[in-house]
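The lines below spell out each chain.
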Amino acid sequence: PMKTVAVLGGGIGGLAATYYLCKHPQVTKVIVLESTSRFGGWLWSSRRSDGAVFEHGPRGIRPVGPVGHNTLNMVEDLGLEGEILSVPNSHDASKNRYLYVGGQLCKMPSGISGIFQTVPPFSRPLLFNLATEILVKKGKEEDESIHSFVSRRLGKEVMRPFLTADHSDCSFIRLKSVF
């Protein structure tokens, strides 16, 4: 019997599920239910008036292993190969990561030496957060939120830059749903 399937959420996971369901021979109709006015979930870009582009959420794919291979196959099936910008590990864009906090770009530490330096928006080297992390007791919740886990293990200051209007849902996303 042919089936109609509903997919909850138009984020990258929901869109990928929709893609594969559409290829299934017993599925005749797929309905995507999205609660916001746009698809993409946490994947989106914005452009400032000066031309700077900000990626909100993940900005790339890692084409390794079976999952990466499946992703590249889907990109090819959709005819999007020309949209992929390959960036080698040696490129500055691969080495440099930034957070946009308080109206300014803050370069994140890269490499092992970076954890010994104090970099904005943090008030001390991240080494202190990492060193004290091993002393933190296990959480009491069976399935803790990402916000709670990071705040408890690495400190509220490490979590604070991720609590923007665009990413406030991290207090609702549970660790078990991510790992």
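Residues numbered from 1 in each chain as written. Predicted model: local features only at pLDDT ≥ 70, side-chain atom pairs only at ≥ 80, totals over all residues. Heavy atoms only, no water.

(A) Summary view of the pairing of strand β3 (residues 44–47). Taken together, the four bridges between β3 and strand β4 (residues 53–56) define a ladder with antiparallel strand orientation. Looking at the pairing, S46 lines up with F54 of β4. Hairpin remark: β3 followed by β4, antiparallel, with five residues in the connecting loop; positive phi at G51, about 95°. (Pairing = 2+ DSSP bridges. Helix = DSSP H or I, 4+ residues; strand = E, 2+ residues; numbered from the N terminus.)

(B) A look at the layout of surface pockets. Taken as a whole, the second largest pocket spans an internal volume of roughly 200 Å³. The wall of the second largest pocket is formed by L8, G9, G10, G11, G14, E34, S35, T36, R38, G41 and W44. Across the lining of the second largest pocket, the residue classes break down as two nonpolar, seven polar and two charged. (1 Å grid on protein atoms, 1.4 Å probe; cavity = no way out; pocket = protein on both sides within 12 Å on 5 of 7 lines; lining within 4 Å. Points joined across faces, edges and corners; volume = space filled by probe spheres on them. Nonpolar A, V, L, I, M, F, W, Y, C, P; charged D, E, K, R; others polar.)

(C) How the structure looks around the side chain of S151. Assignment of secondary structure puts S151 in helix α5 (residues 146–154). There is a polar contact of 2.9 Å between the side chain of S151 and the backbone oxygen of H147. (Polar contact = N/O pair within 3.5 Å; in protein donor to acceptor, adjacent residues only side chain to side chain.)

(D) Expanded view of a nonpolar patch on the surface. Taken together, the side chains of L8, I31 and L33 make up a nonpolar region of the molecular surface, amounting to roughly 300 Å² of accessible area. By secondary structure assignment, the location of L33 is in strand β2 (residues 27–33). Classification of L33 by relative accessible area gives partly exposed; the value is 44%. (Patch = residues over 30% accessible without salt bridge, like charges linked within 9 Å, V, L, I, M, F, W, Y side chains within 5 Å. Areas by Shrake-Rupley, 256 points an atom, 1.4 Å probe, with all protein chains shown as cover. Salt bridge = Lys/Arg side-chain N within 4 Å of Asp/Glu carboxyl O. Buried < 20%, exposed > 50% of the residue type's maximum accessible area, 1.4 Å probe, protein only.)

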